[in-house]
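# Working through the structure, step by step
Letter by letter, the chains look like this.
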Amino acid sequence: MAITPLKSDALYTRCLPEEFDFRTTAELADLTEFIGQPRAVEAVSFGIGIRHKGYNIFALGPTGIGKRALVERYAVKQAAIEPLPPDWCYVNNFQQPHEPRMLRMPPGRGLELERDMGQLVEDLHAAIPTVFESNEYRTRSQAIEEELNEKNEQALGEIQANAEKKHIALIHTPTGFTLAPMHKDEVLSQEDFDKLPEVKRKNIEQDIEELQEQLRNMLRESPKWEKEVRLRMSELNREMAASAISHLIDTLRETYSKLPSVLEYFNEVEKDIIDNFRHFLRHEEEKHGLQIFGIGLSQREEGIQVDKRYSVNAFITQKEHDGAPVIYEDYPSYNNLIGRVEHQAELGALITDFTMIRPGALHRANGGYLIVDILKVLMQPFAWEGLKRALQAGEIRIESLAQLMSLVSTVSLEPEPVPLDIKVILLGEPHIYYLLSLYDPEFSELFKVAVDFDYRMDRNPETHQLFARLIGTLVRKESLRHLDRSAVARVIEHSARQLGDCEKMLTHAHSLADMLRESDYWANKSQHDTITCDDVQQAINARIYRVDRIREHIQEEIRRGTLLIDTAGQKTGQVNGLSVYDLGNFMFGRPSRITARVRIGDSNVVDIEREVELGGPIHSKGVFILSAFLGARYLPNAPLALSASLVFEQSYGEVEGDSASSAELYALLSALAEAPIHQSLAVTGSVNQQGEIQPIGGVNEKIEGFFDICNARGLSGDQGVIIPATNVKHLMLREDVRAAVEAGKFAVHAIDSVDDGIELLTGIPAGQRNDQGLFPDGSLNRRVEDTLARYAETMQAYGSKGDKTPS
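Residues numbered from 1 in each chain as written. Predicted model: local features only at pLDDT ≥ 70, side-chain atom pairs only at ≥ 80, totals over all residues. Heavy atoms only, no water.

Of the regular secondary structure elements, the protein chain holds 28 helices and 30 strands. Every one of the 807 residues in the protein chain was classed for burial, and the buried ones make up 48%. Within the protein chain, contacts between residues separated by at least 24 positions form 77% of all contacts whose residues are at least 6 apart in sequence. Here the protein chain has roughly 40500 Å² of accessible surface; of this, 50% comes from carbon and sulfur atoms. (Helix = DSSP H or I, 4+ residues; strand = E, 2+ residues; numbered from the N terminus. Buried < 20%, exposed > 50% of the residue type's maximum accessible area, 1.4 Å probe, protein only. Contact = heavy atoms within 4.5 Å. Areas by Shrake-Rupley, 256 points an atom, 1.4 Å probe, with all protein chains shown as cover.)

Written out as structure tokens, the structure is:
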């Protein structure tokens, strides 16, 4: 049965403007649901709702399909009804300053505590100096001082009295006290002393020795008296300091009476302030009044950071949120996820304290939801490992990368870890999800919910209406002109063309938004109040023109004869194959000449592309399949004595894919049957071992690529393309191709088998085996089998003579 070319209405599935009951999208209500994603919607609803450990979410789908918008909407909706998470504050650890303590506070109380502690320090700077300037303090401290002076004077007076009784002078010198004999109230010189009788001299020396012993005893007791005074002064100072701060601390205790951890912190603050009250004294007071009591100026250096010592780092506060936080981290580096400790340069050194601890995204989203792009996480050193470690441990431990890698050995801050209660949502491409599932054993334990986004949805009147509402929603969101219904229909048709399927539509939101923006631009250039079908078409044409330079150059070289492609006549062992060039944001098809040469050999079909390592594995697989097809169909009971070579002529890059395997098979059959192939036809389609033609990708681009060459040379009416019948549902061809088909100047043939294709290409019936197992005389299959039989006989004849192959 002759294969009838497809009619023009089979080449394009229109969306009729008459389907819509609106004039412009301004009449449509906003779309509130996500269309075309029922699986993703159900999965994200499940993932957001389940609260068990490890049920974090991975949203997988192409970039720009709307993953973030969908998961963020559901996360925000759920977060709004969840309680606010607590505030977290870092405070000084007075016993271990390098290990700051963490305080958990009710929502909003963290900043309140920070302000209250700041006010406390400010009040202490006024209260403590006031106490130590008071008359009470001066009176009590002077009394202690006078008591010491009285003891010293009393002891010294007793020695002075004893010395006078014994006529010995007690003299105070710069180096201490000295004793000297006296006569008539005058100190004896050494000469006069030597003139005294020996007995008297000895008595005087004995008296002096006794007085010296009394002096030594007094000097030994004096430090004890001074120590006692210092202790009493210290008690007085602590008492006065406590009286200055107790009422301030008690006020704070009343305010935070229901927070035991904060009350414990206040106790530690009070004790530390009493121990270090000197830090709050003004310089003049230390200089003039207190240093004699052991509060020296040198000790003030410890109190340089007194304001920070008692301050509070309101690390995380939830005052800006109405519910649980939903955070998107655009730059998920290790520090931005886990947090960091900042440093400040001072006197050539880097210093830090607990007030310089900064939160990461995990802290900000704690108690809520964190959304990050997995590719960005994987590109940052240690970010992925840090995220997994926090999720596994259930806490956020701030450590610098230098500490993790043991690059430094200096003492640094080790903040107390923060308990982690979070739902992490990763966004990424499907291949990243599958690679992590395969190669990272921890991934599947931590991200148990996959939200799989579909890139297409069915085309029918109902989905057309939903798509129109989506367009109206995007137009309002982007502040663009509204579309009339013909423009909406054209956008839907273009969406099907982008997908390469007349029964489906692309659900890629970013691509749709781009098309609407560009259409609005051209509507503005044309001074249209609404976007029309012509504006949409202009946007499509302009987009193609911006990126099709390479296609134009290739077609030009074909027209000039640099790249050899025949579109008329007949050639044996030569066929026009069709391939697709994918430039990322643009695809186009081009014809390629495929040739085959055959001779007697040892069942070897040589793929020249594979031999020179220009053929990919899938292309090589296609060649092996057609080799198996030849061996199974022809001379099944005899060896295949064939040596053949196949090549893409003028191909200088890698050839991949099996869509040309049917064309290669046709070239081989033509060479074996010595039946010329019509060069006015081009072929695409893969073949299996049963000779069935299988669907391929890029069918629209391939047809249009060959059409453009034929059109440039002049359409003869004999030209056309042969495609798999299973690809008919993918056809969304350009208007000019459809017009040529309608006029009978170009044809698109859909086939199911190799026999259908070879009949179209050669005009010779393929033929089927009869009851005797023979192909009909004159059929193409008979001619092929006869050639192979002749090769086998020749090979056998040469083999009997001991030669492997004929010369």
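This part takes up the side chain of Lys67. Along the chain, Lys67 turns up in helix α2 (residues 67–79). Buried and unpaired, Lys67 has Glu429 as its nearest opposite-charge partner, separated by 5.5 Å. Residues contacting Lys67, with those up to four places away along its chain left out, are Ala59, Leu60, Gly61, Pro62, Leu427, Gly428 and Phe453. (Lys, Arg positive; Asp, Glu negative; His and termini not counted. Salt bridge = Lys/Arg side-chain N within 4 Å of Asp/Glu carboxyl O.)

To continue, consider the environment of Ile273. Tracing the backbone shows Ile273 in helix α7 (residues 260–275). You can call Ile273 buried: its relative accessible area is 1%. For Ile273, the residues in contact, after removing those within four places along its chain, are Leu124, Ile128, Ile245, Phe280 and Tyr310.

Attention now moves to the nonpolar core. A general feature of soluble globular proteins is that nonpolar side chains tend to end up buried together. Counting residues in hydrophobic clusters, the biggest one holds 47 residues, and the most contacted among them are Tyr666, Leu669 and Leu788. Sorting the residues of this core by element identifies β22 (587–600), α23 (617–633), β24 (642–648), α24 (661–673), β26 (681–683), α27 (754–762) and α28 (780–800) as the ones contributing at least two each. At 8 residues, α24 tops the list of elements feeding residues into this core. In this structure Tyr666 touches Ile677, Val683, Ile693, Ile751, Ser753, Val754, Gly757, Ile758 and Leu761, once residues within four positions along its chain are discounted. (Core = buried A, V, L, I, M, F, W, Y, C linked by side-chain atoms within 4.5 Å.)

Quick look at the pairing of strand β13 (residues 369–373) now. Across the 5 residues of β13, 4 count as buried, placing the element largely inside the fold. Where strand β8 (residues 326–329) lies against β13, 4 bridges are found, and the strand directions are parallel. The partner of Tyr328 across the bridge, within β13, is Ile371. Of the strand pairs in this sheet, β13 and strand β16 (residues 423–428) are connected by 5 bridges, and their pairing is parallel. Looking at the pairing, Val372 lines up with Leu426 of β16. (Pairing = 2+ DSSP bridges.)

Attention now moves to the sheet that holds β8. Across the sheet, which stays open at both edges, the 5 strands sit in the order β8-β13-β16-β1-β17 with parallel pairing between neighbours. Among the strands making up the open sheet, the edge pair consists of β8 and β17 (449–452). Averaged over all adjacent pairs, the angle separating strand axes in this sheet is 20 degrees, with direction ignored. Strands in contact with helix α1 (residues 38–49) are β1 (57–60), β13, β16 and β17; relative to β17, the strand with the most contacts, it is inclined by about 155 degrees. Most of the contacts of helix α15 (residues 430–439) go to β1, to which it runs at about 135 degrees, and overall it touches β1, β16 and β17. (Axes fitted to C-alpha atoms, helices over the stretch in contact; angles between N-to-C directions.)

According to the stated counting rule, one finds 44 salt bridges in the structure shown. The residue Arg23 makes a salt bridge to Glu27 at a minimum N-O spacing of 3.5 Å. We classify Arg23 as exposed; its relative accessible area is 67%. Judged by relative accessible area, which is 44%, Glu27 ranks as partly exposed.

With that settled, the discussion passes to the side chain of His494. Within the fold, His494 resides in helix α18 (residues 485–499). For His494, a relative accessible area of 13% puts it in the buried group. Not counting chain neighbours up to four residues away, the residues in contact with His494 comprise Met515 and Ile540.

Another point: the sheet that holds strand β2 (residues 87–91). A sheet is described by the order of its strands in space; here 3 strands give the open sequence β3-β2-β7, paired in antiparallel fashion. The open sheet is flanked by β3 (101–105) and β7 (312–316), the only strands paired with a single partner. Averaged over all pairs of adjacent strands, the angle between their axes in this sheet comes to 30 degrees, without regard to strand direction. In this structure, β2 lies alongside β3, joined through 5 bridges in antiparallel fashion. Across the sheet, the residue bridging to Cys89 is Leu103, located in β3. Along the sheet, helix α3 (residues 109–133) makes contact with β2, β3 and β7, crossing β7 at roughly 165 degrees.

Evaluation of the coordinates by the stated rule reveals 22 aromatic pairs. Between Tyr90 and Phe315, the ring centres sit 5.0 Å apart and the planes meet at 75 degrees, which makes this aromatic pair edge-to-face. Separated by 225 residues along the polypeptide, Tyr90 in strand β2 and Phe315 in strand β7 bring together distant segments of the chain. Of the aromatic side chains, those joined through ring pairs into one cluster are Phe58, Trp384, Tyr433, Tyr434, Phe443 and Phe447. One residue, Arg68, lies across the ring of Tyr328, its end atom 3.6 Å from the ring centre. Above the plane of the ring of Tyr12 lies Arg738, whose end atom (NZ or CZ) is 3.8 Å from the centre. (Phe/Tyr/Trp six-rings, centres within 6.5 Å; stacked < 30°, edge-to-face > 60°. Lys NZ or Arg CZ within 6 Å of the ring centre and 35° of its normal.)

Quick look at α2 now. Taking 1.5 Å per residue, 13 residues should reach 18 Å; α2 reaches 18 Å between its end C-alpha atoms and fits that length. Looking only at α2, the buried set comprises Lys67, Leu70, Val71, Ala75 and Ala79. On an axial view of α2, the arc spanned by its buried residues comes to 155 degrees, and they lie on one face. Buried residues in α2 make contact with α1, β1, β8, β13 and β16. (Expected span 1.5 Å × (residues − 1). Arc of directions from axis to C-beta.)

Moving on, we get to the packing of helix α25 (residues 699–713) against helix α26 (residues 735–742). How two helices sit against one another is set out by the angle between their axes and by the gap between those axes. With their axes 10 Å apart at the nearest point, α25 and α26 run at an angle of 70 degrees to one another. Overall, the two elements α25 and α26 adopt an arrangement that is roughly perpendicular. The handedness of the crossing between α25 and α26 comes out as left-handed. Of the residues in α26, those in contact with Ile703, Glu704 and Phe707 of α25 are Asp736, Val737 and Ala740. (Parallel < 35°, antiparallel > 145°, perpendicular 65-115°, else oblique. Left-handed = near helix turned anticlockwise from the far one by under 90°.)

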